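Geometric and topological summary
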Amino acid sequence: MATKNDKGVTKTTLPIDSLNTKAGTQLRALDTKVAGRYCEDMQDGDTFPAVTVYSDGTELWLVDGFHRWHASVKAGFTEISAEVHEGKTLRDALFAACAANHGHGLQRNYADIAKSVRLLLRDPEWSLMSDRAISEHVRGISHTTVGKFRTEELGEGEVPTVHPSLRRPAPVLGPSGWGVRTSACPPSWPFQSCGRAP
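Described below are features of the structure shown in this document.

Remarks on helix H4 (residues 110-121)
The terminal C-alpha atoms of H4, which comprises 12 residues, lie 16 Å apart, in line with the 16 Å expected from a rise of 1.5 Å per residue. Those residues of H4 not exposed but buried are Asp112, Ile113, Ala114, Ser116, Val117, Leu120 and Leu121. Looking at the buried side of H4, the elements it contacts are helix H3 (90-97), helix H5 (131-138) and helix H6 (143-154). Measuring from the backbone nitrogen of Ala111 back to the side-chain oxygen at the start of H4 gives 3.1 Å, which picks out Asn109 as the cap.

Remarks on the nonpolar core
Grouped together as the largest cluster of nonpolar side chains are 22 residues, with contacts concentrated most on Val117, Leu120, Ile134 and Val138. Breaking this core down by element, the ones donating at least two residues are strand S4 (60-64), H3, H4, H5 and H6. Those residues in contact with Val117 that sit more than four places away from it in its chain are Ile134, Val138, Ile141, Val146 and Phe149. In terms of nonpolar packing, the next biggest core, distinct from the first, is built from 12 residues, Val51, Val53, Leu60 and Ile80 among them.

Some words on unusual backbone geometry
Even without being glycine, Arg139 reaches a positive phi, approximately 65°. For Arg139, the location among the structural elements is in the loop between H5 and H6.

Some thoughts on the pairing of strand S5 (residues 79-85)
The pairing of strand S2 (residues 9-15) with S5 spans 7 bridges and is classified as antiparallel. Paired with Lys11 across the bridge in S5 is Glu83.

Cut-off values and rules
Residues numbered from 1 in each chain as written. Predicted model: local features only at pLDDT ≥ 70, side-chain atom pairs only at ≥ 80, totals over all residues. Heavy atoms only, no water. Helix = DSSP H or I, 4+ residues; strand = E, 2+ residues; numbered from the N terminus. Expected span 1.5 Å × (residues − 1). Buried < 20%, exposed > 50% of the residue type's maximum accessible area, 1.4 Å probe, protein only. Contact = heavy atoms within 4.5 Å. Polar contact = N/O pair within 3.5 Å; in protein donor to acceptor, adjacent residues only side chain to side chain. Core = buried A, V, L, I, M, F, W, Y, C linked by side-chain atoms within 4.5 Å. Pairing = 2+ DSSP bridges.

Here it is as structure tokens:
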């Protein structure tokens, strides 16, 4: 039975083959041994936490829980418990996936975290986030290390350019010279509001 909380998140059971797992939201390498162990535990009757899914009303993008999903498929299950965040876009799902698996499940390694950071830094809009903001979102990495990745991605002294369709009010510059969030942008930034096109 589906239940929805006051944040618009629905706890439900979904057909396992209805989830889109090929949209780029899996930002970590799959550990087949861990998935195999999960599969054995599931077959023994162990209950696992619901996977996290983002939906725009049509697509169901898997954001967090790829090892659980693979284990469920291997175990022959046809359904999976899920927490569905409604009214979301693929862009929202990608942004959320950058912070997935922090503090639960199989912990991310450095390469997994670096992949998330580089995804944000290579985006014309998300790259305007400060090093500290990226560090706080991805977690598991310091803002100084994010700064090193930024230098590698952009080159010393380069400033990222923003496509006209993604332009936002001029950012306030922090001590590092990179834009930081302003009061003009709500906490949902960088993927909503501020008068920018989607």
